[in-house]
Amino acid sequence: MQLEFKKVYPVFSWSWDIPGDDDADREIGDEDLCGICRVSYNGTCPGCKYPGDNCPLVIGECNHNFHVHCIQQWLATPTAKGLCPMCRQQFSLKRGVAINEGQVEKLANLLLQPRPAALAADDQDMMMDQEFAVR
Amino acid sequence: MASLPKRIIKETERLVSDPVPGITAQPHEDNLRYFQVTIEGPQQSPYESGVFQLELFLPDDYPMEAPKVRFLTKIYHPNIDRLGRICLDVLKTNWSPALQIRTVLLSVQALLASPNPNDPLANDVAEDWIRNEDAAIAKAREWTQLYAK
Ligand SMILES: [Zn+2]
Ligand SMILES: [Zn+2]
Ligand SMILES: [Zn+2]
C-alpha cells in the first residue's frame with residue numbers, strides 16, 4: 001500500500017513557562033487561572049483577543065500570577081493600594097524570571113504613580129456610592 | 001450592552017449548580033449583572049428563621065470594583081442602615097478581585113451572625129445596641145418576625 005499526503009496541517013501548542021508550575025501540591029481546579037479574570041493563563045484577559053505575547057502573564061514576588069493587563073487594571077484602582085489581590089502583600093514582579101522581562105518597566109511605572117489618599121476617612125461617602133445604577 | 005465577561009458567567013453558573021447553604025442568588029432575566037438574593041438568618045442569631053431579600057449589582061468595572069449589595073428587607077442591625085446599605089469592609093476598602101459574589105454573600109451572612117456596634121453604619125441602632133444589648137437583640141428578633149418572613 002502506498003500513502004500519499006495531500007495536505008498537511010501543522011498544529012502547535014504552547015504555554016507560558018511558569019517557574020514552579022509543576023509543584024505537585026497545587027490546588028486542583030484553581031490552577032492556571034488568573035486570580036482576577038479567572039481565565040486560564042494561556043488564554044487572554046477579557047480585553048484581549050489573541051493570547052500569547054499580546055496578553056502576557058506576569059509572576060509576582062509572592063508567586064501569584066496574573067495577565068499583565070488584569071493586574072495593571074487592578075493596581076490602577078484606589079482600592080488596590082498596591083496590593084496583590086490574592087495575598088494582599090505589596091505586589092512586585094519576581095526578578096530573574098524570563099516571562100516578567102519586558103513587563104517590569106510597565107508595572108514599575110504604575111507602582112510609582114501617586115495613588116489617591118487612603119479612603120478610610122470617607123466611609124460614609126463610599127456608602128453613598130453603594131446606590132444602584134439600575135432598578 | 002457589552003457581552004458578559006467569562007468570569008461573571010462562571011460565577012453565575014456555580015451559584016446555581018453549587019449554591020451556598022442558606023443563600024440564593026438569581027440573575028435578573030433582563031440584566032445578568034443584577035441579582036435577586038435571599039439570605040437566611042444564621043442560627044443562634046437574632047435573625048434566625050428570617051429570610052432576607054437583597055439585591056446585588058455587578059458594576060461595569062467588576063471585578064476591579066466590588067459588587068454593590070443592599071438589603072431590601074427591613075432589618076434592625078447596627079451595620080445596616082434604613083436604606084438597606086451595608087457597612088462591610090470587603091464591599092469597600094478591603095475589596096479584592098480574588099473575592100467573588102459567593103464570598104461577599106457569605107460575609108454578609110457572617111455580619112448577621114455577629115453584629116458589630118463599634119463599627120456602625122446605622123448610628124442610632126448601634127447606640128441602642130451598646131446601651132442595652134438585650135433590648136436591641138429583642139427588637140432585632142421582633143423585626144425579623146415582622147418583616148423577614
Ligand atoms: Zn486575567
Ligand atoms: Zn490582555
Ligand atoms: Zn500574592
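About the thresholds
Residues numbered from 1 in each chain as written. Chains lettered and ligands numbered in written order. Predicted model: local features only at pLDDT ≥ 70, side-chain atom pairs only at ≥ 80, totals over all residues. Heavy atoms only, no water. Helix = DSSP H or I, 4+ residues; strand = E, 2+ residues; numbered from the N terminus. Buried < 20%, exposed > 50% of the residue type's maximum accessible area, 1.4 Å probe, protein only. Contact = heavy atoms within 4.5 Å. Phe/Tyr/Trp six-rings, centres within 6.5 Å; stacked < 30°, edge-to-face > 60°. Lys NZ or Arg CZ within 6 Å of the ring centre and 35° of its normal. Donors = N, O, S within 2.8 Å, 3.2 Å for Na, K, Ca; no water. Tetrahedral: all angles 85-135°; square planar, octahedral: opposite > 155°, others 65-115°. UniProt positions renumbered as here; feature names shortened; annotations may be inferred.

Some words on the overall build of chain A
Move 1: A count of helices and strands for chain A gives 3 helices and 2 strands.
Move 2: Along chain A, helices (α) and strands (β) appear in the sequence β-β-α-α-α when read from the amino end.
Move 3: Counting across all 135 residues of chain A, residues that qualify as buried make up 36%.
Move 4: Within chain A, counting contacts between residues at least 6 apart in sequence, those at least 24 apart form 52% of the total.

Comments concerning the packing of aromatic side chains
Move 1: Scanning all chains against the criterion turns up 7 aromatic pairs over all chains.
Move 2: Ring plane angle 65° and centroid distance 5.8 Å describe the contact between phenylalanine 66 of chain A and phenylalanine 91 of chain A, whose orientation is recorded as edge-to-face. With a gap of 25 residues between them, phenylalanine 66 of chain A in strand β2 (residues 65-67) and phenylalanine 91 of chain A in the loop between α1 (68-75) and α2 (104-112) connect regions that are remote in the sequence.
Move 3: Given a relative accessible area of 0%, phenylalanine 66 of chain A falls into the buried group.
Move 4: Taken together through their ring pairs, the aromatic side chains of Tyr76, Trp129, Trp143 and Tyr147 of chain B make up a single cluster.
Move 5: Between lysine 74 of chain B and the ring centre of tryptophan 143 of chain B, over which it is positioned, the NZ or CZ distance is 4.7 Å.

Some thoughts on the coordination of the zinc ion (ligand 3)
All names here are of chain A.
Move 1: Coordination sphere of the zinc ion (ligand 3), protein contribution only: Cys62 (SG), His64 (ND1), Cys84 (SG) and Cys87 (SG), at 2.0 to 2.3 Å.
Move 2: Coordination geometry of the zinc ion (ligand 3): the 4 donor atoms subtend angles of 106 to 112° at the metal centre, consistent with an arrangement described as tetrahedral.
Move 3: Motif for the zinc ion (ligand 3), donor spacing along one chain: C-x1-H-x19-C-x2-C. Placement of the pair is histidine 64 in the loop between β1 (57-59) and β2 and cysteine 87 in the loop between α1 and α2, with a sequence separation of 23 residues.

A look at the UniProt feature "active site" (unreviewed entry) in chain B
Residue and element names in this part refer to chain B.
Move 1: According to UniProt, the feature "active site" (unreviewed entry) maps to Cys87 in the numbering used here.
Move 2: When you line up the elements, cysteine 87 lands in the loop between β4 (68-71) and α2 (101-113).
Move 3: Among the residues examined, cysteine 87 registers a relative accessible area of 7% and is labelled buried.

Quick notes on the environment of glutamine 43 of chain B
All names here are of chain B.
Move 1: Locating glutamine 43 in the fold gives a position in the loop between β2 (34-40) and β3 (51-57).
Move 2: With relative accessibility at 63%, the residue glutamine 43 sits in the exposed group.
Move 3: C-alpha of glutamine 43 to C-alpha of alanine 113: the two residues are 70 residues apart in sequence and 7.8 Å apart in space.

Points about the coordination of the zinc ion (ligand 1)
Residue and element names in this part refer to chain A.
Move 1: On the protein side, the zinc ion (ligand 1) has Cys34 (SG), Cys37 (SG), His67 (ND1) and Cys70 (SG) as donor atoms, found 2.1 to 2.4 Å from it.
Move 2: Because the angles between the 4 donor atoms bound to the zinc ion (ligand 1) fall within 96 to 118°, the donor set is best described as tetrahedral.
Move 3: Read from N- to C-terminus, the donor residues coordinating the zinc ion (ligand 1) fall into the pattern C-x2-C-x29-H-x2-C. Here the residue cysteine 34 occupies a position in the segment before β1, and cysteine 70 occupies one in helix α1, the gap between them amounting to 36 residues. Summarising the burial analysis for this pair, cysteine 34 and cysteine 70 share the class buried.

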